[in-house]
Amino acid sequence: MSRRPDIIRLDVCEIDSEGDLIDYLQMSLEFPNLYGDTWRGIEQNFFYDPEMNLPRALHITGLVKMREMHQKLAEKFEIFLKGQTDIKIVFKD
């Protein structure tokens, strides 16, 4: 497996559901679907993924629009992001 880029950019402004967001994260971060399509599954991928494969930073755009359109989904996403202490999270909007 090749090393991931230092920065992965995620644009979440068009995400309409929790399932779509989880799928988008799995695809963007190149996580295998080993642990299921849930927040817990994504967290397990972060925990078990070798550190050398994780990006140093996630640049998030579209969160303002997500908050406007899907407040509860945005809140869940923000809670998830706060739990990721090994990766720098940068909000671009």
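Our structure's up above, just so we're on the same page.
Residues numbered from 1 in each chain as written. Predicted model: local features only at pLDDT ≥ 70, side-chain atom pairs only at ≥ 80, totals over all residues. Heavy atoms only, no water.

**Details of the pattern of salt bridges**
And step 1. Within this structure, the stated rule accounts for 4 salt bridges.
And step 2. Two residues, E14 and K65, come together in a salt bridge whose shortest N-O distance is 3.4 Å. Highlighted residues: E14 in the loop between β1 (7–11) and α1 (18–28) and K65 in helix α3 (residues 63–69), separated in sequence by 51 residues.
And step 3. Taking the relative accessible area as the measure of exposure, E14 reaches 58% and is therefore exposed.
And step 4. Taking the shortest distance from any N to any O, the salt bridge between R67 and E78 comes out at 2.7 Å. (Salt bridge = Lys/Arg side-chain N within 4 Å of Asp/Glu carboxyl O. Helix = DSSP H or I, 4+ residues; strand = E, 2+ residues; numbered from the N terminus. Buried < 20%, exposed > 50% of the residue type's maximum accessible area, 1.4 Å probe, protein only.)

**Section: the environment of G62**
And step 1. Structurally, G62 can be placed in the loop between β2 (57–61) and α3.
And step 2. Look at G62 and you get buried, because its relative accessible area is 7%.
And step 3. Setting aside its immediate chain neighbours within four residues, G62 contacts D11, V12, C13 and D93. (Contact = heavy atoms within 4.5 Å.)

**A short note on a negative patch on the surface**
And step 1. Taken together, the side chains of D16, D20, D23 and D37 make up a negatively charged region of the molecular surface.
And step 2. Here D37 shows up in the loop between α1 and α2 (39–48).
And step 3. Judged by its relative accessible area of 44%, D37 falls in the partly exposed class. (Patch = residues over 30% accessible without salt bridge, like charges linked within 9 Å, V, L, I, M, F, W, Y side chains within 5 Å. Areas by Shrake-Rupley, 256 points an atom, 1.4 Å probe, with all protein chains shown as cover. Lys, Arg positive; Asp, Glu negative; His and termini not counted. Charge placed at Lys NZ, Arg CZ, Asp CG, Glu CD.)

**Remarks on the environment of N45**
And step 1. Among the secondary structure elements, N45 is positioned in helix α2.
And step 2. Exposure remark for N45: the relative accessible area of 4% places this residue in the buried category.
And step 3. Counting along the chain gives 35 residues from N45 to L10, while the straight-line C-alpha distance between them is 17 Å.
And step 4. Those residues in contact with N45 that sit more than four places away from it in its chain are Q26, F31, P32 and Y35.

**Some words on the sheet that holds β2**
And step 1. In space, the 3 strands of this open sheet follow the order β1-β2-β3, with parallel pairing throughout. Each edge of the sheet is formed by a strand with only one pairing partner; in this case those strands are β1 and β3 (88–91). Strand after strand, the sheet turns through a mean of 20° between neighbouring axes, direction not considered.
And step 2. Bridge analysis of β2 against β3 gives 4 bridges, and the strand direction is parallel. Bridge pairing links H59 to V90 in β3. (Pairing = 2+ DSSP bridges. Axes fitted to C-alpha atoms, helices over the stretch in contact; angles between N-to-C directions.)

Take it as geometry only, folks, not as evidence of what the structure does.
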